[in-house]
Each structure stands twice: as C-alpha cells, then as structure tokens.
Amino acid sequence: QVELAETGGGSVQAGGSLNLSCVASGSIFGGDVMAWYRQAPGKARDDELVARIDSTDRTYYAESVEGRFTISRDNGKNSVHLRMNLLRPEDTAVYYCNAGSRWRSNLPGPHWGQGTQVTVSS
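Procedures and definitions
Every chain is numbered on its own, with residues counted from 1 as its sequence reads. Reporting in this predicted model follows two pLDDT cut-offs: at least 70 for local features of residues, and 80 or more for side-chain atom pairs to be given and counted; totals over whole chains, interfaces and linings ignore these cut-offs and use all residues. As a rule here, side-chain values cover all heavy atoms of the structure and leave hydrogens and water aside. The helix count covers DSSP runs of H or I at least four residues long, the strand count covers runs of E at least two residues long, and both are numbered beginning at the N terminus. Buried residues are those whose accessible area, probed at 1.4 Å on protein chains only, stays under 20% of the maximum for their type, while exposed residues exceed 50% and partly exposed ones sit between those limits. In this description, strands pair whenever DSSP reports at least two bridges between them. For every element, the axis is a line fit to its C-alpha atoms; helices are fit only across the contacting stretch, and the angle between N-to-C directions ranges from 0 to 180 degrees. The rule for a disulfide is simple: a pair of cysteine sulfur atoms within 2.5 Å.

Undergrad: Residues and numbers for the environment of P110, please.
TA: Its place among the elements puts P110 in the loop between strand 9 (93–101) and strand 10 (111–112). Residue P110 is classed as exposed on the basis of its relative accessible area, which comes to 52%.

Undergrad: Can you break down the sheet that holds strand 7 (residues 69–74) residue by residue, with the values?
TA: The strand order 1-3-8-7 describes an open sheet built from 4 strands, whose pairing is antiparallel. Whereas interior strands pair on both sides, the edge strands pair on one side only; in this sheet they are strand 1 (3–8) and strand 7. For this sheet the average axis-to-axis angle between neighbouring strands, irrespective of direction, equals 15°. Note: strand 7 against strand 8 (residues 79–84), 6 bridges, orientation antiparallel. Paired with F69 across the bridge in strand 8 is M84.

Undergrad: Break down the state of the cysteines for me, with residues and values.
TA: By definition, a disulfide links the sulfur atoms of two cysteine residues through a covalent bond. Per the stated rule, a full pass over the model turns up 1 disulfide. Paired through a disulfide, C22 and C97 show a sulfur-sulfur distance of 2.1 Å. The disulfide joining C22 to C97 has a torsion of about -75° about its S-S bond and is therefore left-handed. Of the two residues, C22 is situated in strand 3 (residues 18–25) and C97 in strand 9; the sequence distance between them amounts to 75 residues. Exposure class is identical for C22 and C97. Each is buried.

Undergrad: Quick rundown of the pairing of strand 3? Include the residues and the values.
TA: Judged by which residues are buried, strand 3 turns out to be one-sided: L18, L20, C22 and A24 face inward and are buried, whereas N19, S21, V23 and S25, on the alternate face, are not. With 6 bridges connecting them, strand 1 and strand 3 associate as antiparallel partners. Bridging from a neighbouring strand, G8 pairs with L20 of strand 3.

Written out as structure tokens, the structure is:
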C-alpha cells in the first residue's frame, strides 16, 4: 500500500510564495517520476501537469509555471517538493502529488496524494 502525504498549501496574495511537500511511504509501482498536478474547478485531476522530476533530477515544467515554480526531490526520504513563487490568481487549484510514472509516458503514475488547496487572491 503506497501513501502520498502532502503538506503545505493555503492562501496567499498574488506575488506571494508557498511550499508544497509530498512524502511517499510504501513501495512505488511503475516508474521513478514524481510529479505535481493541479485541478481547477470543472477540470479533471490529471488535466494539468505542473512539474515532474525523475530520480536523476531531470525536470519538466508546464509553460505556465516555468521560472516561477521549482520542483525538487529527496530520493533518500522518498519525497518531492514544489516551491511556488510569484503566485498568480490563476494558480488557484487543488494540487496533487503523483508518483510512479515513467519519463517517456504522458500518463500520470498510479499513486496520488489526497490533494491540497492553493488559493491566490488578487
């Protein structure tokens, strides 16, 4: 049984910063990629990939967050983090940690966190 425990999130004014963290417990099935997705109202959970990172620290960012968000991971602690700077109202969403996908795949991995709300006010 794999559990992804997310912490962080909350409410902030535009231009502010937030940190999200996700710690995985148990054996992750599939690939070595850990990622953050976000779900805006009316959208599906896996509609928007925010950032992803593999075990060699290779990273990918959605164009909408490039230069503002930073993803990192600690392989020894099986954790992934998302530093979010210069937040905008359009970043408002529920953010989900995801694990187990492969770098060459466009699909999310099989493991999801419970989600954490990020609200950015103008």
